[in-house]
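Structure assessment
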Amino acid sequence: MALYLGVMSGTSLDGLDIALIEQHEQPRLLATHYIPMPVDLRQDLLELCASGPDEIARAALAENRWATLAAQGIEHLLAGQGLAPAAIRAIGSHGQTIRHEPARGFTVQIGNPALLAELTGICVVGDFRRRDVAAGGQGAPLVPAFHEALFGHLGQRLAVLNVGGFSNLSLIARDTPVHGFDCGPGNVLLDAWIERKRGQPFDADGAWAASGVVQADLLNTLLGDPFFAGSGPKSTGREVFNLAWLDSHLGALPGYRDEDVQATLLELTARSIIDSLRQAQQGTEALLVCGGGARNAALMARLAQLLPGAQVSSTAAQGIDADWVEAMAFAWLAHCCLEGIPANRPSVTAAKGLRVLGAIYPA
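Throughout this document, residue positions are counted from 1 along each chain, in the order its sequence is written. Thresholds applied to this predicted model are a pLDDT of at least 70 for local features of residues and 80 or more for the giving and counting of side-chain atom pairs; totals over whole chains, interfaces and linings are not thresholded and use all residues. Here the side-chain values reflect all heavy atoms present in the structure, with hydrogen atoms and water set aside.

Let us now look at the sheet that holds strand E8 (residues 158-163). The rule for pairing is simple: two strands pair if DSSP sees at least two bridges between them. In DSSP terms, a helix is any run of H or I states spanning at least four residues, a strand is any run of E spanning at least two, and both are numbered starting from the N terminus. Strand order in this open sheet of five strands is E10-E9-E8-E11-E12, and the pairing throughout is mixed. The open sheet has two free edges, formed respectively by strand E10 (179-185) and strand E12 (311-314), since each of these has just one partner strand. The sheet shows a mean angle of 20° between the axes of neighbouring strands, taken without regard to direction. Residue contacts are counted whenever heavy atoms from the two residues lie within 4.5 Å of one another. Note on geometry: axes are lines fitted to C-alpha atoms, helical ones only across the stretch in contact, with angles between N-to-C directions running from 0 to 180 degrees. On the sheet, helix H11 (residues 258-280) packs against E8, strand E9 (166-172), E10 and strand E11 (286-290) and is oriented at approximately 155° with respect to E10.

Put into C-alpha coordinates, the structure is as follows:
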(Lines give C-alpha, C1' and ligand atoms only; values in the text may rest on other atoms or scores of the structure.)
Protein backbone atom coordinates (compact mmCIF):
# COMPACT_ATOMS: atom_id res chain seq x y z
CA MET A 1 0.00 0.00 0.00
CA ALA A 2 1.46 3.39 -0.99
CA LEU A 3 0.42 7.01 -1.39
CA TYR A 4 0.79 8.88 -4.67
CA LEU A 5 -0.08 12.35 -5.91
CA GLY A 6 -1.32 13.10 -9.41
CA VAL A 7 -1.08 16.56 -10.99
CA MET A 8 -3.12 17.24 -14.11
CA SER A 9 -3.36 20.39 -16.20
CA GLY A 10 -5.52 19.83 -19.25
CA THR A 11 -6.15 21.55 -22.55
CA SER A 12 -8.87 23.72 -21.02
CA LEU A 13 -6.12 25.50 -19.06
CA ASP A 14 -8.52 26.41 -16.28
CA GLY A 15 -6.26 25.20 -13.48
CA LEU A 16 -4.29 22.39 -11.87
CA ASP A 17 -6.01 19.35 -10.37
CA ILE A 18 -4.08 17.57 -7.62
CA ALA A 19 -5.28 14.21 -6.32
CA LEU A 20 -3.93 12.07 -3.48
CA ILE A 21 -4.55 8.35 -3.91
CA GLU A 22 -3.85 5.22 -1.95
CA GLN A 23 -2.70 2.45 -4.25
CA HIS A 24 -3.48 -1.08 -3.14
CA GLU A 25 -5.38 -3.54 -5.30
CA GLN A 26 -7.32 -0.59 -6.71
CA PRO A 27 -6.58 3.14 -6.47
CA ARG A 28 -8.61 4.98 -3.85
CA LEU A 29 -9.06 8.76 -3.82
CA LEU A 30 -8.16 10.27 -0.44
CA ALA A 31 -7.98 14.04 -0.97
CA THR A 32 -7.95 16.71 -3.67
CA HIS A 33 -6.87 20.29 -4.26
CA TYR A 34 -7.59 22.65 -7.15
CA ILE A 35 -5.56 25.72 -8.14
CA PRO A 36 -7.05 28.17 -10.66
CA MET A 37 -4.62 28.98 -13.46
CA PRO A 38 -3.28 32.53 -13.14
CA VAL A 39 -4.55 34.63 -16.05
CA ASP A 40 -1.09 35.62 -17.30
CA LEU A 41 0.28 32.07 -17.11
CA ARG A 42 -2.78 30.77 -18.95
CA GLN A 43 -2.18 33.30 -21.71
CA ASP A 44 1.50 32.37 -21.93
CA LEU A 45 0.64 28.66 -22.21
CA LEU A 46 -2.01 29.31 -24.86
CA GLU A 47 0.44 31.32 -26.94
CA LEU A 48 2.98 28.49 -26.71
CA CYS A 49 0.51 26.21 -28.51
CA ALA A 50 1.55 27.98 -31.74
CA SER A 51 4.91 29.11 -33.07
CA GLY A 52 6.16 32.48 -31.91
CA PRO A 53 9.29 34.51 -31.13
CA ASP A 54 11.74 33.31 -28.47
CA GLU A 55 9.49 30.35 -27.71
CA ILE A 56 12.21 28.16 -26.16
CA ALA A 57 12.93 30.71 -23.43
CA ARG A 58 9.23 31.49 -23.01
CA ALA A 59 8.44 27.80 -22.60
CA ALA A 60 11.22 27.37 -20.02
CA LEU A 61 9.96 30.29 -17.96
CA ALA A 62 6.34 29.15 -18.21
CA GLU A 63 7.13 25.62 -17.08
CA ASN A 64 9.07 26.92 -14.09
CA ARG A 65 5.99 28.92 -13.05
CA TRP A 66 3.79 25.86 -13.64
CA ALA A 67 6.04 23.67 -11.46
CA THR A 68 6.13 26.31 -8.71
CA LEU A 69 2.33 26.56 -8.75
CA ALA A 70 2.02 22.77 -8.56
CA ALA A 71 4.47 22.62 -5.66
CA GLN A 72 2.44 25.23 -3.75
CA GLY A 73 -0.73 23.22 -4.31
CA ILE A 74 0.94 19.99 -3.17
CA GLU A 75 2.22 21.68 -0.01
CA HIS A 76 -1.31 22.93 0.73
CA LEU A 77 -2.88 19.48 0.19
CA LEU A 78 -0.30 17.67 2.34
CA ALA A 79 -0.64 20.21 5.15
CA GLY A 80 -4.39 19.73 5.12
CA GLN A 81 -3.94 15.97 5.46
CA GLY A 82 -1.22 16.19 8.10
CA LEU A 83 1.22 14.39 5.82
CA ALA A 84 4.95 14.96 5.37
CA PRO A 85 6.51 14.76 1.89
CA ALA A 86 8.24 11.53 2.98
CA ALA A 87 4.82 9.85 3.21
CA ILE A 88 4.35 10.16 -0.57
CA ARG A 89 6.05 7.60 -2.77
CA ALA A 90 5.84 9.72 -5.94
CA ILE A 91 4.09 12.50 -7.80
CA GLY A 92 2.77 11.69 -11.26
CA SER A 93 2.91 14.98 -13.15
CA HIS A 94 1.27 15.25 -16.55
CA GLY A 95 2.61 18.74 -17.18
CA GLN A 96 0.97 21.03 -19.72
CA THR A 97 0.67 19.96 -23.34
CA ILE A 98 1.74 22.75 -25.69
CA ARG A 99 2.15 20.68 -28.87
CA HIS A 100 0.83 17.27 -29.86
CA GLU A 101 1.75 16.07 -33.35
CA PRO A 102 2.32 12.31 -33.26
CA ALA A 103 2.08 12.12 -37.06
CA ARG A 104 5.31 14.12 -37.08
CA GLY A 105 6.77 12.02 -34.27
CA PHE A 106 6.50 14.35 -31.30
CA THR A 107 4.42 15.49 -28.37
CA VAL A 108 5.50 18.17 -25.89
CA GLN A 109 4.41 18.54 -22.26
CA ILE A 110 6.16 21.16 -20.14
CA GLY A 111 6.19 21.35 -16.36
CA ASN A 112 9.84 20.94 -15.27
CA PRO A 113 9.55 17.74 -13.20
CA ALA A 114 13.12 18.22 -11.95
CA LEU A 115 12.15 21.54 -10.37
CA LEU A 116 8.95 20.02 -8.98
CA ALA A 117 11.00 17.29 -7.28
CA GLU A 118 13.37 19.90 -5.89
CA LEU A 119 10.59 22.11 -4.55
CA THR A 120 8.54 19.31 -2.97
CA GLY A 121 11.23 16.88 -1.84
CA ILE A 122 9.19 14.08 -3.46
CA CYS A 123 10.11 11.77 -6.34
CA VAL A 124 8.40 12.93 -9.53
CA VAL A 125 7.44 10.82 -12.54
CA GLY A 126 6.71 12.88 -15.65
CA ASP A 127 6.97 12.84 -19.44
CA PHE A 128 4.49 9.99 -19.82
CA ARG A 129 3.56 10.38 -23.48
CA ARG A 130 6.84 10.44 -25.39
CA ARG A 131 7.78 6.78 -24.89
CA ASP A 132 4.55 5.69 -26.55
CA VAL A 133 5.17 8.09 -29.44
CA ALA A 134 8.74 6.79 -29.74
CA ALA A 135 7.22 3.30 -30.10
CA GLY A 136 5.09 4.49 -33.02
CA GLY A 137 2.01 5.33 -30.98
CA GLN A 138 -0.23 8.36 -30.69
CA GLY A 139 0.86 9.08 -27.11
CA ALA A 140 -2.82 9.66 -26.32
CA PRO A 141 -5.15 8.92 -24.79
CA LEU A 142 -3.29 7.36 -21.87
CA VAL A 143 -6.24 7.00 -19.50
CA PRO A 144 -7.97 3.88 -20.97
CA ALA A 145 -5.75 1.48 -18.98
CA PHE A 146 -6.63 3.41 -15.81
CA HIS A 147 -10.32 3.44 -16.69
CA GLU A 148 -10.11 -0.33 -17.09
CA ALA A 149 -8.44 -0.63 -13.69
CA LEU A 150 -11.19 1.48 -12.09
CA PHE A 151 -14.28 0.19 -13.84
CA GLY A 152 -13.42 -3.12 -15.52
CA HIS A 153 -14.91 -5.05 -12.61
CA LEU A 154 -18.41 -3.79 -13.50
CA GLY A 155 -18.68 -6.50 -16.14
CA GLN A 156 -20.71 -4.38 -18.52
CA ARG A 157 -20.15 -3.40 -22.13
CA LEU A 158 -18.92 -0.05 -20.96
CA ALA A 159 -17.62 3.22 -22.36
CA VAL A 160 -15.83 5.79 -20.21
CA LEU A 161 -15.86 9.29 -21.67
CA ASN A 162 -13.54 12.07 -20.58
CA VAL A 163 -14.66 15.51 -21.72
CA GLY A 164 -12.01 18.12 -21.05
CA GLY A 165 -10.76 20.51 -23.70
CA PHE A 166 -10.95 17.48 -25.99
CA SER A 167 -12.98 14.32 -25.59
CA ASN A 168 -11.73 10.75 -25.49
CA LEU A 169 -13.36 7.37 -25.06
CA SER A 170 -12.26 4.18 -23.35
CA LEU A 171 -14.16 1.07 -24.45
CA ILE A 172 -14.24 -1.78 -21.95
CA ALA A 173 -15.83 -5.15 -22.69
CA ARG A 174 -15.39 -8.70 -21.42
CA ASP A 175 -12.54 -10.72 -22.95
CA THR A 176 -11.52 -7.82 -25.22
CA PRO A 177 -8.45 -5.58 -24.92
CA VAL A 178 -9.42 -2.09 -23.82
CA HIS A 179 -9.82 0.23 -26.79
CA GLY A 180 -9.87 4.01 -26.90
CA PHE A 181 -9.25 7.16 -28.92
CA ASP A 182 -9.81 10.90 -29.05
CA CYS A 183 -13.23 11.83 -30.44
CA GLY A 184 -12.57 15.52 -31.20
CA PRO A 185 -13.23 18.82 -29.45
CA GLY A 186 -14.83 18.58 -26.04
CA ASN A 187 -15.03 21.97 -24.34
CA VAL A 188 -12.26 23.72 -26.26
CA LEU A 189 -14.43 25.38 -28.93
CA LEU A 190 -17.36 25.94 -26.58
CA ASP A 191 -15.09 27.74 -24.11
CA ALA A 192 -13.29 29.75 -26.79
CA TRP A 193 -16.51 30.91 -28.45
CA ILE A 194 -18.23 32.07 -25.25
CA GLU A 195 -15.03 33.78 -24.13
CA ARG A 196 -14.84 35.67 -27.41
CA LYS A 197 -18.50 36.63 -27.54
CA ARG A 198 -19.46 37.06 -23.88
CA GLY A 199 -16.20 37.31 -21.97
CA GLN A 200 -17.00 34.21 -19.92
CA PRO A 201 -14.52 31.34 -19.41
CA PHE A 202 -17.12 28.59 -19.97
CA ASP A 203 -20.83 28.00 -20.63
CA ALA A 204 -22.19 27.02 -17.21
CA ASP A 205 -24.51 24.00 -17.54
CA GLY A 206 -24.55 24.60 -21.31
CA ALA A 207 -27.22 27.26 -20.70
CA TRP A 208 -26.12 29.55 -23.53
CA ALA A 209 -25.93 26.63 -25.96
CA ALA A 210 -29.40 25.54 -24.85
CA SER A 211 -30.75 29.00 -25.75
CA GLY A 212 -29.64 28.61 -29.38
CA VAL A 213 -30.70 26.48 -32.33
CA VAL A 214 -28.41 23.94 -33.99
CA GLN A 215 -27.57 24.99 -37.55
CA ALA A 216 -27.53 21.86 -39.69
CA ASP A 217 -25.44 23.27 -42.52
CA LEU A 218 -22.75 24.52 -40.13
CA LEU A 219 -22.78 21.23 -38.21
CA ASN A 220 -22.39 19.18 -41.38
CA THR A 221 -19.53 21.40 -42.52
CA LEU A 222 -17.72 20.99 -39.20
CA LEU A 223 -18.29 17.23 -39.15
CA GLY A 224 -16.77 17.09 -42.62
CA ASP A 225 -13.30 17.56 -41.15
CA PRO A 226 -11.14 14.53 -42.07
CA PHE A 227 -10.40 13.83 -38.40
CA PHE A 228 -13.97 12.66 -37.80
CA ALA A 229 -13.88 10.21 -40.70
CA GLY A 230 -11.02 8.18 -39.28
CA SER A 231 -11.44 5.44 -36.71
CA GLY A 232 -9.05 4.98 -33.81
CA PRO A 233 -6.26 4.90 -32.90
CA LYS A 234 -6.26 8.68 -33.25
CA SER A 235 -5.59 11.75 -31.15
CA THR A 236 -5.88 15.47 -31.65
CA GLY A 237 -5.33 18.86 -30.02
CA ARG A 238 -5.35 22.62 -30.44
CA GLU A 239 -3.18 22.23 -33.53
CA VAL A 240 -6.32 21.04 -35.37
CA PHE A 241 -9.36 22.40 -33.52
CA ASN A 242 -9.20 26.07 -32.56
CA LEU A 243 -11.00 29.36 -33.24
CA ALA A 244 -9.16 29.83 -36.53
CA TRP A 245 -10.51 26.45 -37.66
CA LEU A 246 -14.02 27.48 -36.67
CA ASP A 247 -13.67 30.89 -38.34
CA SER A 248 -12.58 29.26 -41.58
CA HIS A 249 -15.89 27.37 -41.70
CA LEU A 250 -18.04 30.27 -40.52
CA GLY A 251 -16.59 32.49 -43.22
CA ALA A 252 -17.96 30.25 -45.98
CA LEU A 253 -21.53 30.26 -44.61
CA PRO A 254 -24.25 32.83 -43.88
CA GLY A 255 -24.05 34.69 -40.58
CA TYR A 256 -25.54 33.03 -37.50
CA ARG A 257 -26.61 34.27 -34.11
CA ASP A 258 -23.85 33.77 -31.57
CA GLU A 259 -25.98 31.44 -29.43
CA ASP A 260 -26.78 29.32 -32.48
CA VAL A 261 -23.07 28.82 -33.09
CA GLN A 262 -22.71 27.76 -29.45
CA ALA A 263 -25.61 25.32 -29.81
CA THR A 264 -24.01 23.88 -32.93
CA LEU A 265 -20.65 23.49 -31.20
CA LEU A 266 -22.29 21.57 -28.36
CA GLU A 267 -23.97 19.32 -30.92
CA LEU A 268 -20.59 18.83 -32.62
CA THR A 269 -19.12 17.62 -29.34
CA ALA A 270 -22.04 15.27 -28.65
CA ARG A 271 -22.31 13.91 -32.18
CA SER A 272 -18.58 13.31 -32.62
CA ILE A 273 -18.59 11.32 -29.38
CA ILE A 274 -21.65 9.19 -30.04
CA ASP A 275 -20.96 8.64 -33.76
CA SER A 276 -17.48 7.33 -32.97
CA LEU A 277 -18.77 5.23 -30.06
CA ARG A 278 -21.39 3.55 -32.24
CA GLN A 279 -18.79 2.83 -34.90
CA ALA A 280 -16.29 1.36 -32.45
CA GLN A 281 -18.53 -0.53 -30.01
CA GLN A 282 -22.01 -1.79 -30.66
CA GLY A 283 -24.41 -2.44 -27.79
CA THR A 284 -22.86 -0.15 -25.21
CA GLU A 285 -24.74 -0.69 -21.94
CA ALA A 286 -23.37 2.22 -19.93
CA LEU A 287 -21.55 5.48 -20.64
CA LEU A 288 -19.67 6.94 -17.66
CA VAL A 289 -18.63 10.57 -18.09
CA CYS A 290 -15.80 12.40 -16.33
CA GLY A 291 -14.02 15.71 -16.79
CA GLY A 292 -15.55 19.16 -16.90
CA GLY A 293 -18.10 18.08 -19.49
CA ALA A 294 -19.84 15.94 -16.87
CA ARG A 295 -21.03 19.20 -15.26
CA ASN A 296 -22.56 20.46 -18.52
CA ALA A 297 -26.23 19.54 -18.10
CA ALA A 298 -27.10 20.30 -21.72
CA LEU A 299 -24.30 18.09 -23.01
CA MET A 300 -25.16 15.23 -20.66
CA ALA A 301 -28.81 15.39 -21.73
CA ARG A 302 -27.86 15.36 -25.40
CA LEU A 303 -25.53 12.37 -24.96
CA ALA A 304 -28.37 10.46 -23.32
CA GLN A 305 -30.73 11.35 -26.19
CA LEU A 306 -28.22 10.17 -28.78
CA LEU A 307 -27.55 6.90 -26.97
CA PRO A 308 -30.96 5.48 -26.08
CA GLY A 309 -30.90 2.15 -24.32
CA ALA A 310 -27.66 2.91 -22.48
CA GLN A 311 -27.32 4.36 -19.02
CA VAL A 312 -25.51 7.71 -19.26
CA SER A 313 -24.17 9.06 -15.96
CA SER A 314 -21.25 10.75 -14.32
CA THR A 315 -18.51 8.55 -12.88
CA ALA A 316 -19.81 9.84 -9.54
CA ALA A 317 -22.51 7.17 -9.89
CA GLN A 318 -19.68 4.66 -9.34
CA GLY A 319 -18.22 6.60 -6.42
CA ILE A 320 -15.50 8.46 -8.37
CA ASP A 321 -15.91 12.24 -8.56
CA ALA A 322 -15.87 13.19 -12.25
CA ASP A 323 -13.57 16.16 -11.65
CA TRP A 324 -10.70 14.04 -10.33
CA VAL A 325 -10.46 10.98 -12.56
CA GLU A 326 -7.62 12.30 -14.74
CA ALA A 327 -5.51 13.55 -11.83
CA MET A 328 -5.98 10.13 -10.23
CA ALA A 329 -4.87 8.54 -13.50
CA PHE A 330 -1.48 10.25 -13.43
CA ALA A 331 -0.93 9.26 -9.81
CA TRP A 332 -1.64 5.67 -10.91
CA LEU A 333 0.70 6.04 -13.91
CA ALA A 334 3.48 7.05 -11.51
CA HIS A 335 2.82 3.84 -9.56
CA CYS A 336 2.99 1.80 -12.77
CA CYS A 337 6.30 3.41 -13.77
CA LEU A 338 7.97 2.74 -10.43
CA GLU A 339 6.71 -0.84 -10.43
CA GLY A 340 7.80 -1.45 -14.02
CA ILE A 341 4.21 -2.05 -15.17
CA PRO A 342 3.47 -1.19 -18.83
CA ALA A 343 0.68 1.41 -18.88
CA ASN A 344 0.13 2.15 -22.55
CA ARG A 345 -2.20 0.00 -24.62
CA PRO A 346 -1.28 -0.70 -28.26
CA SER A 347 -4.98 -1.26 -28.98
CA VAL A 348 -5.47 2.40 -28.03
CA THR A 349 -2.39 4.20 -29.35
CA ALA A 350 -1.11 1.80 -32.06
CA ALA A 351 2.31 1.64 -30.40
CA LYS A 352 4.49 -1.31 -31.41
CA GLY A 353 3.97 -2.91 -28.02
CA LEU A 354 3.50 -2.45 -24.30
CA ARG A 355 5.83 0.11 -22.74
CA VAL A 356 6.60 1.39 -19.25
CA LEU A 357 5.78 5.10 -19.41
CA GLY A 358 7.41 8.02 -17.68
CA ALA A 359 10.77 9.47 -16.64
CA ILE A 360 11.80 9.37 -12.98
CA TYR A 361 13.19 12.39 -11.10
CA PRO A 362 14.22 11.18 -7.61
CA ALA A 363 13.66 13.40 -4.58
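Moving on: the packing of aromatic side chains. Any two rings among Phe, Tyr and Trp, with Trp reduced to its six-membered ring, count as a pair given centres within 6.5 Å; such a pair is stacked if its planes are under 30 degrees apart, edge-to-face if over 60, and tilted if neither. With the rule as written, the count across this model stands at six aromatic pairs. Pairing Phe146 with Trp332 gives two aromatic rings, centres 5.5 Å apart and planes at 50°, and the pair type is tilted. Of this pair, Phe146 sits in helix H5 (residues 144-151) while Trp332 sits in helix H13 (residues 325-339), and the two are 186 residues apart along the sequence. Overall, Phe146 belongs to the buried group, its relative accessible area being 1%. A centroid spacing of 4.9 Å and a plane angle of 80° characterise the contact between Phe241 and Trp245, whose relative ring orientation is edge-to-face. Only protein chains enter the calculation, and the probe is 1.4 Å; a residue is then buried if its accessible area is under 20% of its type maximum, exposed if over 50%, and partly exposed in between.

A word on the packing of helix H8 (residues 216-223) against helix H10 (residues 243-250). Between H8 and H10, whose axes approach to 10 Å, the crossing angle comes to 125°. Here H10 runs oblique to H8, going by the angle between their axes. By crossing handedness, the relation of H8 to H10 is classed as right-handed. In contact with Leu218, Thr221 and Leu222 of H8, H10 contributes Trp245, Leu246, His249 and Leu250. In this classification, Asp, Glu, Lys and Arg are treated as charged, Ala, Val, Leu, Ile, Met, Phe, Trp, Tyr, Cys and Pro as nonpolar, and every other residue, Gly included, as polar. For the contact of H8 with H10, the class distribution of residues is five nonpolar, two polar and no charged. When describing relative orientation, an angle under 35 degrees is termed roughly parallel and one over 145 degrees roughly antiparallel, while 65 to 115 degrees is termed roughly perpendicular and anything else oblique. Handedness of a crossing is defined here by the sense of rotation of the near helix relative to the far one, left-handed for an anticlockwise turn of less than a right angle and right-handed for a clockwise turn.

As recorded in UniProt, the sites labelled "binding site: ATP" (unreviewed entry) are Gly10, Thr11, Ser12, Leu13, Asp14, Gly15, Leu16 and Asp17. Within the fold, Gly10 resides in the loop between strand E1 (2-8) and strand E2 (15-23). In this structure Gly10 comes out as partly exposed when scored by relative accessible area, which is 23%. For Asp14, the location among the structural elements is in the loop between E1 and E2. Every residue in contact with Asp14, bar those within four places of it in the chain, is listed here: Tyr34, Ile35, Pro36 and Met37. UniProt positions are given in the numbering used here, feature names are shortened, and annotations may be inferred rather than shown by experiment.

Basic side-chain nitrogens of Lys or Arg form a salt bridge, by our definition, when they fall within 4 Å of a carboxyl oxygen of Asp or Glu. Summed over the entire model, instances satisfying the criterion amount to 14 salt bridges. In this structure, Arg42 engages Glu195 in a salt bridge whose closest nitrogen and oxygen atoms are separated by 3.9 Å. Taken as a pair, Arg42 in helix H1 (residues 39-47) and Glu195 in helix H6 (residues 188-198) lie far apart in primary sequence, 153 residues in all. We classify Glu195 as partly exposed; its relative accessible area is 40%. For the salt bridge of Arg295 with Asp323, the shortest nitrogen-to-oxygen distance reads 2.9 Å. Residue Arg295 is found in the loop between E11 and helix H12 (297-306), and its partner Asp323 is found in the loop between E12 and H13; the two are separated by 28 residues along the sequence. Looking at Arg295, the relative accessible area reads 49%, which means it is partly exposed. On the basis of relative accessibility, which here comes to 28%, the residue Asp323 falls in the partly exposed class. Members of the salt-bridge network, linked through shared partners, are Arg257, Glu259 and Asp260.

Since the α-helix advances by 3.6 residues per turn, residues separated by three or four positions end up pointing in the same direction. Summarising burial for H5: six of the eight residues are buried, a large majority. Among the residues making up H5, those that are buried are Pro144, Ala145, Phe146, His147, Leu150 and Phe151.

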